[in-house]
Amino acid sequence: MSVEEAAQTLPVSVLSGHQPLLEVEDLRVRFVTRGRRVHAVNGLSYRLEAGRTLAVIGESGSGKSVSSRALMGLLPPAARVTGSARFEGRELLGRSEKQMRRIRGAEIAMVFQDPARSLNPTMRIGTQITEAVRAHAKVSRQAAHDRAVELLQLVRLPAPERRFHEYPHQLSGGMRQRVMIAIALAGEPKLLIADEATTALDVTTQAQIMRLLAELRQRLGTAIVLISHDLGLAASYADDVVVMYAGRAVEYAPASTLFARVRMPYTQALLGAIPRLERPPHAELPVTPGQPPDLTALPAGCPFAPRCPRATDECRTTAPPFTEHEPGHWWACWHPCEVGGDR
Ligand SMILES: Nc1ncnc2c1ncn2[C@@H]1O[C@H](COP(=O)(O)OP(=O)(O)O)[C@@H](O)[C@H]1O
Ligand code: SF4
Ligand SMILES: [Mg+2]
């Protein structure tokens, strides 16, 4: 069985029951440019319930951003997207740009890593948020202004009335990210996708922004997809975690289950790379040797095999299916780690 075939064995069909907020099923994205085919997402499936936080974790290049941009219709024309992504039961894939524009911001909003580039440097903060409010609701200038100030208070921007009249360069990185979150919330979306939204920030500011997102989720009921390369972040803030490798899900579980009972060797390697208190500062972290696979030529077997200490011949020839091995706990591995084993 190839990786592609193995990914067909999917969680979603089995996890029946009520309708989730977001249901991604067998999502595939490839880029076809100058004769090269990059298989960026290779059969990704997950579901997210309303008001919950799902962390999508994986190394750089594992397809986290491409998969979430695919949902939003934000990929370049070279992208070929197949599969399904239903939001409140409605299919997102294959919609026109006009239809997607109605969904973006009003139903699903996204916050990116680099607020400096997402904000307009020549426009005052307040104007940018006011415009975002007016893009989603037909309200008077005054009402939009008041709502914009409210949003700045909601994201706990210090001195919001003063900041309202400032330009992005006058704000710190953390404050700019708060402004981006305020803009994202202007349309009162049900889902916020935060793509490495705190990666560029220092540790203290990162924790403040993460706490803010958690608080917003509680107050507004906004579900969050938390995209990060940092499994530690998922441990602290997510309800559920999906770990991606080479464009597919390799382990998926509620966060508490995943961290207590990690089974997939790749997830275990990521866990080993989380800094621990007992390690001396600046000590070298254990990292998995080797590189992620070439996405233009995926191997026949398990894509993690070249880097996996548990790999056997079977792993190199046949990709393991992604299946629910324990209630709520999915993984794709022929020789999973023992629970409670040394990590
Ligand atoms: N426009 C594009 N054309 C070709 N390949 C792309 C394009 N965008 C992303 N990719 C490739 O898709 C893969 C997944 O990228 P991405 O989703 O950005 O990874 P992550 O967010 O997990 O770091 C990478 O190999 C990347 O080079
Ligand atoms: S044990 Fe085999 S199937 Fe499991 S991750 Fe390692 S190489 Fe892949
Ligand atoms: Mg990314």
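Residues numbered from 1 in each chain as written. Chains lettered and ligands numbered in written order. Predicted model: local features only at pLDDT ≥ 70, side-chain atom pairs only at ≥ 80, totals over all residues.

(A) Representation of the site of ligand 2 in the model. Neighbouring ligand 2 are the residues Pro265, Cys302, Phe304, Ala305, Cys308, Arg310, Ala311, Cys315, Pro320, Cys333, Trp334 and His335. Here the residues of the shell around ligand 2 sort into ten nonpolar, one polar and one charged. (Near = placed C-beta within 6 Å. Nonpolar A, V, L, I, M, F, W, Y, C, P; charged D, E, K, R; others polar.)

(B) Geometry of the environment of Ile209. Mapped onto the elements, Ile209 comes out in helix 9 (residues 203–220). In the structure, Ile209 is positioned 32 residues away from Gln177 in sequence and 7.9 Å away in space, judged by C-alpha atoms. Setting aside its immediate chain neighbours within four residues, Ile209 contacts Gly174, Gln177, Ala197, Thr198 and Leu201. (Helix = DSSP H or I, 4+ residues; strand = E, 2+ residues; numbered from the N terminus. Contact = placed C-beta atoms within 7 Å.)

(C) Broad picture of the nonpolar core. With 94 residues, the main nonpolar core has Ile129, Val179, Ala182, Leu226 and Val243 as its most contacted residues. With eight residues, helix 8 (residues 173–185) is the single largest residue contributor to this core. The contact partners of Ile129, leaving out residues within four places of it in the chain, are Ala148, Leu151, Leu152, Val179, Ala182, Ile183 and Ala186. (Core = buried A, V, L, I, M, F, W, Y, C linked by C-beta atoms within 7 Å. Buried ≥ 20, exposed ≤ 12 C-beta atoms within 10 Å, placed from the backbone.)

(D) The arrangement of the site of ligand 1 in detail. The local shell around ligand 1 holds 15 residues, among which Phe31, Ala40, Lys64, Ser65 and Val66 are the closest. Of all the secondary structure elements, the ones that give two or more residues to the shell around ligand 1 are strand 1 (22–33), strand 2 (36–48) and helix 2 (64–72). Among the elements that line the shell around ligand 1, the one with the most residues is helix 2, at three residues.

(E) Structural detail: helix 6 (residues 141–154). Over its 14 residues, helix 6 runs 20 Å from end to end, which matches the ideal 20 Å to within 8%, given 1.5 Å per residue. When helix 6 is considered as a whole, its buried residues turn out to be Ala144, Arg147, Ala148, Leu151 and Leu152. Around the axis of helix 6, the buried residues are gathered within 145° of arc, so they sit on the same side. Away from the buried face of helix 6 by more than 90 degrees, exposed residues Gln142 and Gln153 are located. Contacts made by the buried residues of helix 6 are with helix 5 (125–136), helix 7 (160–163) and helix 8. (Expected span 1.5 Å × (residues − 1). Arc of directions from axis to C-beta.)

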